[in-house]
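One-letter residues, chain by chain:
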Amino acid sequence: GDAGIGDAAFTNVAARFKGNGTMLGVLRSHKRPFKLDLNKHVESQHLAGRSTLNFHNLSADFSCLSDALAYEFFRDAGVPASRTAFARLLLTIEGRFARRLLGLYVFVENPDAEWAREQFGVDGVALFKPVTYDFLKDLGEDWKAYEGIYDPKTKTEPQQQRRLIELAKLVTGANDADFAARVGEFIDLDEFALFLAGTVILANYDSILDNGQNFLLYLDP
């Protein structure tokens, strides 16, 4: 479809629905959560250097503030997190209706290679978005067993894949003494403590605390 954001106009934009609970809660409405890919079909289409755009529909956030404040909270705490803005979405479906106001959305920066490059100031950051109840479980030596679960958002090199496998082997198989001695070789414990403290303070159970999703794991090159 076509998309207009402020004064910027884009053609042949790839659009899809996104989310899980936020999608299921609005199946009888057009106020779905959306992901737009500006350059999937037309290369070089970007908005402020970004090609993938997320629009969260706030269906589980009746204040319309919690999502944006949570991202801001993490950024203020020094945890890498997406920037946000608010947006009003208007939808046209040819032959049905034109410019129907869907309401208020929160516009969230997409965590991908472009985002990682700006966050960390280097190329080659391996970025993962895990979905698993068994985070860092040893699944053997074959990366294919991990790839679907850890859902890389950037291109990963064999040595980066190996690093994640070695961490899973340590978490699964080490005794307490070996784990305590070696975990700092793999995980920046101060960074992890900041992230976990923020997650606990926000009481966010759609996260590593409960269902093992909607958080990011990154490997500094």
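Cut-offs applied
Residues numbered from 1 in each chain as written. Predicted model: local features only at pLDDT ≥ 70, side-chain atom pairs only at ≥ 80, totals over all residues. Heavy atoms only, no water. Phe/Tyr/Trp six-rings, centres within 6.5 Å; stacked < 30°, edge-to-face > 60°. Buried < 20%, exposed > 50% of the residue type's maximum accessible area, 1.4 Å probe, protein only. Lys NZ or Arg CZ within 6 Å of the ring centre and 35° of its normal. Pairing = 2+ DSSP bridges. Helix = DSSP H or I, 4+ residues; strand = E, 2+ residues; numbered from the N terminus. Axes fitted to C-alpha atoms, helices over the stretch in contact; angles between N-to-C directions. Salt bridge = Lys/Arg side-chain N within 4 Å of Asp/Glu carboxyl O. Core = buried A, V, L, I, M, F, W, Y, C linked by side-chain atoms within 4.5 Å. Contact = heavy atoms within 4.5 Å. Lys, Arg positive; Asp, Glu negative; His and termini not counted. Polar contact = N/O pair within 3.5 Å; in protein donor to acceptor, adjacent residues only side chain to side chain. Patch = residues over 30% accessible without salt bridge, like charges linked within 9 Å, V, L, I, M, F, W, Y side chains within 5 Å. Areas by Shrake-Rupley, 256 points an atom, 1.4 Å probe, with all protein chains shown as cover. Parallel < 35°, antiparallel > 145°, perpendicular 65-115°, else oblique. Left-handed = near helix turned anticlockwise from the far one by under 90°.

Undergrad: Looking at this structure, how should I read the packing of aromatic side chains?
TA: Two aromatic rings, taken as a pair, are described by how far apart their centres are and by the angle between their planes. Counting across every chain of the model gives 14 aromatic pairs. Between Phe73 and Phe74 the ring centres are 6.1 Å apart and the planes differ by 65 degrees, which places this aromatic pair in the edge-to-face class. Owing to a relative accessible area of 31%, Phe73 belongs among the partly exposed residues under this scheme. Phe74 gets classed as buried once you look at its relative accessible area, which sits at 14%. Taken together, the ring pairs in this structure connect Phe73, Phe74, Phe128, Phe135, Trp143, Tyr146, Tyr150, Phe192, Phe195 and Phe215 into an aromatic cluster. Between Lys31 and the ring centre of Tyr105, over which it is positioned, the NZ or CZ distance is 5.4 Å. Lying over the aromatic face of Phe17, Arg32 brings its terminal NZ or CZ to 4.9 Å of the ring centre.

Undergrad: Please explain the sheet that holds strand β6 (residues 84-93) as it appears in this structure.
TA: As a general point, the strands of a sheet are linked pairwise by backbone hydrogen bonds and lie either parallel or antiparallel. Read across the sheet, five strands follow the order β3-β4-β5-β7-β6 without closing on themselves; strand pairing throughout is antiparallel. The outermost strands of the open sheet, each flanked by one partner alone, are β3 (14-17) and β6. Strand-to-strand twist of the sheet, defined as the mean angle between neighbouring strand axes without regard to direction, takes the value 35 degrees. Relative to strand β7 (residues 97-109), strand β5 (residues 52-56) is paired through four bridges, and the arrangement is antiparallel.

Undergrad: Just checking my understanding: could you explain the pattern of salt bridges for this structure?
TA: Any two side chains of opposite charge can pair, on the condition that their charged atoms come close. Here the structure, examined in full by the defined rule, presents eleven salt bridges. The salt bridge involving Arg50 is made with Glu109; its shortest N-O contact spans 2.7 Å. A residue pair is termed long-range when its members are at least 10 positions apart, and Arg50 in the loop between β4 (34-37) and β5 and Glu109 in strand β7 qualify at 59 residues. With respect to burial, Arg50 and Glu109 carry one shared label: buried. Residue classification places Arg50 among the buried residues on the basis of a relative accessible area of 10%. Residues joined by salt bridges that share partners form a network here, namely Asp138, Glu141, Arg162, Glu166 and Lys169.

Undergrad: Got a minute to help me understand the nonpolar core in this structure?
TA: As a rule of thumb, soluble globular proteins bury nonpolar side chains together. Of all hydrophobic cores here, the largest spans 16 residues; its most connected members are Leu53, Phe55 and Leu89. Of all the elements in the fold, those that place two or more residues in this core are β4, β5, β6 and β7. Considering each element in turn, this core owes the most residues, four residues, to β7. The residues touching Leu53, leaving out its near neighbours within four places in the chain, are Ile5, Phe34, Lys35, Leu36, Leu38, Leu47 and Phe107. Membership of the second largest hydrophobic core comes to twelve residues, among which are Phe128, Leu136, Trp143 and Ile165.

Undergrad: How should I be thinking about the side chain of Arg32 in this particular structure?
TA: Within the fold, Arg32 resides in the loop between α1 (21-24) and β4. At 17 Å, Asp67 is the nearest oppositely charged side chain to Arg32, a buried residue that forms no salt bridge. Here the side chain of Arg32 touches Leu27 through a polar contact of 3.1 Å, landing on its backbone oxygen.

Undergrad: Just checking my understanding: could you explain the pairing of β6 for this structure?
TA: As paired elements, β6 and β7 share nine bridges and run antiparallel to each other. If you follow Ala87 over to β7, its bridge partner there is Tyr105.

Undergrad: How should the environment of Ser29 be read in this particular structure?
TA: Here Ser29 is to be found in the loop between α1 and β4. Along the primary structure Ser29 and Leu102 are separated by 73 residues, whereas in three dimensions their C-alpha atoms are 9.0 Å apart. Side-chain polar atoms of Ser29 contact the backbone nitrogen of Lys31, separated by 2.8 Å.

Undergrad: Please explain a nonpolar patch on the surface as it appears in this structure.
TA: Together, Leu65, Leu69, Phe86 and Leu104 give the surface a local cluster of nonpolar side chains, amounting to about 350 Å² of exposed area. Structurally, the position occupied by Leu65 is in the loop between β5 and α2 (66-77). Looking at Leu65, the relative accessible area reads 44%, which means it is partly exposed.

Undergrad: Just checking my understanding: could you explain the packing of helix α5 (residues 158-173) against helix α6 (residues 176-186) for this structure?
TA: Helix packing for two helices is described by the angle between their axes and how far apart those axes are. At a closest axis distance of 10 Å, the pairing of α5 and α6 adopts a crossing angle of 160 degrees. Taken together, the axes of α5 and α6 are roughly antiparallel relative to one another. α5 and α6 meet at a crossing whose hand is left-handed. On the side of α5, the interface is formed by Arg163, Glu166, Leu167, Leu170 and Val171, while α6 contributes Asp178, Phe179, Arg182, Val183, Glu185 and Phe186.

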